[in-house]
Amino acid sequence: MNDQTDTPSIKNARILIVDDEPRLLKSLCDLLTEQHFAPEQALGGRDACNRLRAEPFDLVLLDLRMPEVDGHDVMAFLEQHRIDVPVIVISGEASFTSVSRALRRGAQDYLRKPYDPDELLTTVNNVLQKRALEEAHEAVQAQLQRSEELHRYIVNTSPDIVFMLDNEGRLCFVNDKIESLLGYAPSELVGRHFRHLIDEQDIRRGLQALEDPDISADNPRTFELRLKTRGSRKPNRHFEITAFPIGDNPVNMLPSDGVAGNTRDATIYGSARDVTDRKEAEAFINFQAYHDLLTRLPNRALFQDRLMLAMTQAERKDQKLAVMFLDLDRFKVINDSLGHGMGDRLLQSVTQRLGGCLRGGDTLSRFGGDEFTLLLPDIESREDARRIARKLIDALKAPFQLGEHEVFVGVSIGIALFPESGNSIDELIQAADIAMYHVKASGKDGYRFFSDTMSVDSAHRLSLERDLRQALVRDELRVHFQPQVSGSSGDIVGVEALVRWQHPERGLLYPRDFLPLAEETRLIADLSEKVVELACRHVGRWIREGRDDLRLAVNLSPIQVDHPRFVDNLMECLTETGFPPENLEIEITENVIMTDLEQISRKLRKLAGHGVRIAIDDFGTGYSSLNYLHRLPIHTLKVDQSFVHGIRRGEEGACIVNAIVAMAHGLELDIVAEGVETDLQLAYLRNLGCQQIQGFYYGAATPAAEIERRLFGRRPVPTAI
């Protein structure tokens, strides 16, 4: 059999390789040139769009992660301009969102970097063959006089299995492709019933589809089946079957090659396309959505689904269940000492030991970090839960061998029983969490059942959480503003919105009193959205009254930024409040960016496209990577107040400030120094060319009325030292 690249429709195929890495472009180009293709290079997405608009290509090999115009943008460009060219994604990006989005955009296949050359060439050949087959089918419809010759070519070179069945369902013809895909020689299948190829679980569905009375040449039946491979060493494969009845002279449709029986009896003509890779990709994406990829355990979402089902069954059958919250002891020390790689290996080993302690119906979930949750359905009493807890503790007592290191970890376990400890998912998990913290407080490496009398702190925490939920409903949140002042003129050029809580009983509460709880209970997103709305209404009014250059800075929580509708929600808020996007500056920390740089960069670029400014808060305390500063639409760096306070200690304390300001100037970014309190600090920062100053020197955060008086009143803002 000739190499696939000798096929006329594939040889010298024009392939556009799109990547932002010149070395990878050259490597792919050399590989494809050796296989007699005609590859061309596009450095980045913008170059690719220009090339695709100007000239035709047979295939595009596309990277996803590129600056400015990424792979998703290129696929959107193809769709928008109706450029019909198949795309194979070659990318190191493997997040669920990116893979799913690429497939929805119409990518024919998805290969991860680093790619295997043989796999890449096979994929390229398959996609080009598929393209050739589609074009050939169109030619069949357009040129009926050449149908027999063209069909012979299609069948002989088809990447799919082509077959014909008689009225009894026996194979009259099958092409040679079945041997490479399933391991059968065509000669041993002709004359046998089609059902012998179908997986036992799919036989009934397959036969019913072929017997459908509505099936016709104009209305072919398409369905998916698993077909058996020869022998038992290889798993059965998934195929998409397309079948339809044929007319009175089917013999004219057959090629001269291949193995055929009595084809004059043929009544069904069909093809079977191998979709195993697609099905496996779908299964993997589904697995990612509900499992932790490191430990392969159910994630929080799947655990909550199973807990809800178990609670429903327990309530119906008047049974008990237990929820355990597990937190590893000493894990952070090991992770920080030996590195995240060893920490990941330790989590996998811990998972194996914990799993060996469980019953068949139990669900162990990784809740996040070194925290796990465990569902024990259908228990008789708390003694059953106590017995499992002891087994879990004992299972982790033996040391773990991590390379040359022998390490020890323990586990603190909180236990909540249903229905005594709560009647909802959140109540049970929270009760188990509280009980676990009591174990931690009393010495770790043990277990404890939740009790209503567990410390005043727990009651205070729950009460404060309830009050915080009510605060969002009762409009008890207040926004104070701290001025941001021009370093040269002393004029107020912006204000930062800072939240306060006017508690009906405890008075005015500051962020340190309730923000940690808001983050822990995931109320922080709702709280942040409320603060943004209130701030936009206040500052928007000042802008409309004449301060059209006034900038509003708001600090956003990681949970809010991570939300899929973050950009849409923010823009809807600006529209509803009538706030001009170009007057808004959102502040995020470096750690938020580095959790998922690709995802965050897309959101920030979209916001910047609307005119919103982006600031990095507490710069210098996180990753401080020049890489993201170049890749993201950053406008402002905010120097953390801890560095500003170091100015008073002389050159040694001020060197970090010097470096940050110099870097910001080099990158043409604005800079805001936080925590400025003294004349010395102000003078030093002015001499460095720091554009904006924020801190107690110009005033603490105050209610909107005070800021409004300073903006529109006669009292001058201090400008001299």
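Residues numbered from 1 in each chain as written. Predicted model: local features only at pLDDT ≥ 70, side-chain atom pairs only at ≥ 80, totals over all residues. Heavy atoms only, no water.

### Quick look at the sheet that holds strand E17 (residues 410-418)
Here is step 1: Pairing within the open sheet is mixed, and its five strands lie in the order E13-E14-E12-E17-E18. Each of the sheet's edge strands pairs with one partner strand only, and the pair in question is strand E13 (363-368) and strand E18 (447-449). Adjacent strand axes in the sheet meet at a mean angle of 20 degrees, parallel and antiparallel pairs treated alike.
Here is step 2: Taken together, the five bridges between E13 and strand E14 (residues 371-379) define a ladder with antiparallel strand orientation. Of the residues in E14, the one forming a bridge with Ser365 is Thr373.
Here is step 3: Seen against the sheet, helix H11 (residues 300-317) touches strand E12 (320-329), E13, E14 and E17 and runs at an angle of roughly 20 degrees to E14.
Here is step 4: Sitting on the sheet, helix H13 (residues 340-355) is in contact with E12, E13 and E14, with an inclination near 155 degrees to E13. (Pairing = 2+ DSSP bridges. Helix = DSSP H or I, 4+ residues; strand = E, 2+ residues; numbered from the N terminus. Axes fitted to C-alpha atoms, helices over the stretch in contact; angles between N-to-C directions. Contact = heavy atoms within 4.5 Å.)

### Brief notes about the pairing of strand E4 (residues 87-91)
Taken residue by residue, a regular strand's side chains alternate between the two faces of the sheet.
Here is step 1: Where burial is concerned, most of E4 is hidden: five out of the five residues are buried.
Here is step 2: Along E4, one buried face is formed by Val87, Val89 and Ser91 and the opposite face, lined by Ile88 and Ile90, is buried too.
Here is step 3: Where strand E3 (residues 59-62) meets E4, three bridges bridge the pair, whose relative direction is parallel. Residue pairing across strands places Leu62 opposite Val89, the latter belonging to E4.
Here is step 4: Remark: the E3/helix H3 (residues 71-80)/E4 crossover connection has right-handed handedness.
Here is step 5: The pairing of E4 with strand E5 (residues 109-112) spans four bridges and is classified as parallel. Paired with Ile90 across the bridge in E5 is Leu111. (Buried < 20%, exposed > 50% of the residue type's maximum accessible area, 1.4 Å probe, protein only. Right-handed = clockwise from strand over helix to strand, strands pointing away.)

### Some points on the environment of Tyr697
Here is step 1: Tracing the backbone shows Tyr697 in the loop between strand E27 (692-693) and strand E28 (702-703).
Here is step 2: With 16 residues separating them along the chain, Tyr697 and Gln681 place their C-alpha atoms 9.5 Å apart.
Here is step 3: Side chain to side chain, Tyr697 and Asp679 meet in a polar contact 3.0 Å long. (Polar contact = N/O pair within 3.5 Å; in protein donor to acceptor, adjacent residues only side chain to side chain.)

### Describing the side chain of Glu674
Here is step 1: As for its position among the elements, Glu674 is in the loop between strand E26 (670-673) and helix H26 (679-688).
Here is step 2: Sequence-distant contacts of Glu674, that is, excluding residues within four places in its chain, are made with Glu496, Asp617, Asp618, Lys638, Val639, Asp640, Gln641, Val644 and Gln694.

### A look at the layout of surface pockets
Here is step 1: There is about 1,400 Å³ of room inside the second largest pocket.
Here is step 2: Contributing elements (two or more residues each) for the lining of the second largest pocket: helix H4 (96-104), E5, helix H5 (117-142), helix H7 (177-182), strand E9 (237-245), strand E11 (266-274) and helix H10 (276-290).
Here is step 3: In terms of residue count, H10 provides more of the lining of the second largest pocket than any other element does, nine residues in total.
Here is step 4: For the lining of the second largest pocket, the class distribution of residues is 13 nonpolar, seven polar and 14 charged. (1 Å grid on protein atoms, 1.4 Å probe; cavity = no way out; pocket = protein on both sides within 12 Å on 5 of 7 lines; lining within 4 Å. Points joined across faces, edges and corners; volume = space filled by probe spheres on them. Nonpolar A, V, L, I, M, F, W, Y, C, P; charged D, E, K, R; others polar.)

### Points about the packing of aromatic side chains
Here is step 1: Scanning the model with the defined rule gives seven aromatic pairs in all.
Here is step 2: Aromatic pair Phe163 and Phe194: ring centres 5.3 Å apart, planes at 15 degrees, arrangement stacked. Taken as a pair, Phe163 in strand E6 (residues 161-166) and Phe194 in the loop between helix H8 (186-189) and helix H9 (203-210) lie far apart in primary sequence, 31 residues in all. Here Phe163 and Phe194 have matching classes, each one buried.
Here is step 3: Considering the side-chain rings of Tyr697 and Tyr698, the 5.1 Å spacing of their centres and the 75 degrees angle between planes classify their relative orientation as edge-to-face.
Here is step 4: Residue classification places Tyr698 among the buried residues on the basis of a relative accessible area of 3%.
Here is step 5: The ring of Phe367 carries the charged tip of Arg300 above its face, separated from the ring centre by 3.9 Å.
Here is step 6: One residue, Arg353, lies across the ring of Phe400, its end atom 3.6 Å from the ring centre. (Phe/Tyr/Trp six-rings, centres within 6.5 Å; stacked < 30°, edge-to-face > 60°. Lys NZ or Arg CZ within 6 Å of the ring centre and 35° of its normal.)

### Concerning the sheet that holds E5
Here is step 1: One open sheet holds the five strands; their spatial order is E2-E1-E3-E4-E5, and the pairing between them is parallel. The open sheet has two free edges, formed respectively by strand E2 (38-43) and E5, since each of these has just one partner strand. When the angles between neighbouring strand axes are averaged without regard to direction, this sheet yields 20 degrees.
Here is step 2: On the sheet, helix H1 (residues 22-34) packs against strand E1 (14-19), E2, E3 and E4 and is oriented at approximately 170 degrees with respect to E2.
Here is step 3: Sheet contacts for helix H2 (residues 45-54): E1, E2 and E3; angle to E2, the most-contacted strand, approximately 130 degrees.

### Let's talk about the pairing of strand E23 (residues 584-589)
Here is step 1: Counting buried positions along E23 gives five out of six residues, so the element sits mostly inside the fold.
Here is step 2: Alignment of strand E22 (residues 551-555) against E23, held across four bridges, turns out to be parallel. Bridging across to E23, Leu552 finds its partner in Leu584.
Here is step 3: Where E23 lies against strand E24 (residues 613-619), five bridges are found, and the strand directions are parallel. When the sheet's bridge partners are listed, Ile588 is paired in E24 with Ile616.

### A few points about the pattern of salt bridges
Pairing between side chains becomes possible if they bear opposite charge and their charged atoms approach one another.
Here is step 1: Under the definition given, this model contains 42 salt bridges.
Here is step 2: A salt bridge links Glu79 to Arg105, with the nearest nitrogen and oxygen atoms 2.9 Å apart. Placement of the pair is Glu79 in helix H3 and Arg105 in the loop between H4 and E5, with a sequence separation of 26 residues.
Here is step 3: Put simply, Arg14, Glu40, Arg51 and Glu55 are held in one network by salt bridges that share partners. (Salt bridge = Lys/Arg side-chain N within 4 Å of Asp/Glu carboxyl O.)

### Side note on the nonpolar core
Here is step 1: Phe481, Leu527, Leu552 and Ile586 are the most contacted members of the largest nonpolar core, which totals 78 residues.
Here is step 2: The greatest single-element share of this core, amounting to nine residues, is contributed by helix H18 (residues 524-544).
Here is step 3: In this structure, Leu347, Val350, Cys357 and Val411 belong to the second largest nonpolar core, which totals 34 residues. (Core = buried A, V, L, I, M, F, W, Y, C linked by side-chain atoms within 4.5 Å.)

### With respect to H1
Here is step 1: The first and last C-alpha atoms of H1 sit 19 Å apart over 13 residues, in line with the 18 Å expected at 1.5 Å per residue.
Here is step 2: The set of residues buried in H1 consists of Leu24, Leu25, Leu28, Cys29, Leu31 and Leu32. All buried residues of H1 lie within an arc of 165 degrees about the axis, which places them on one face of the element. The outward face of H1, more than 90 degrees from its buried face, is lined by the exposed residues Arg23 and Glu34.
Here is step 3: Looking at the residues trailing H1, positive phi occurs at His36, about 70 degrees. (Expected span 1.5 Å × (residues − 1). Arc of directions from axis to C-beta.)

### Overview of the packing of H2 against H3
Angle between the axes and distance between the axes: these two values describe a pair of packed helices.
Here is step 1: As a packed pair, H2 and H3 sit with axes 9 Å apart at the nearest point and diverge in direction by 20 degrees. Taken together, the axis directions place H2 and H3 in an arrangement best described as roughly parallel. As H2 runs across H3, the sense of the crossing is right-handed. Contacts between H2 and H3 involve Gly45, Cys49, Leu52 and Arg53 on the former and, on the latter, Val74, Phe77 and Leu78. (Parallel < 35°, antiparallel > 145°, perpendicular 65-115°, else oblique. Left-handed = near helix turned anticlockwise from the far one by under 90°.)

Geometry only, nothing functional implied.
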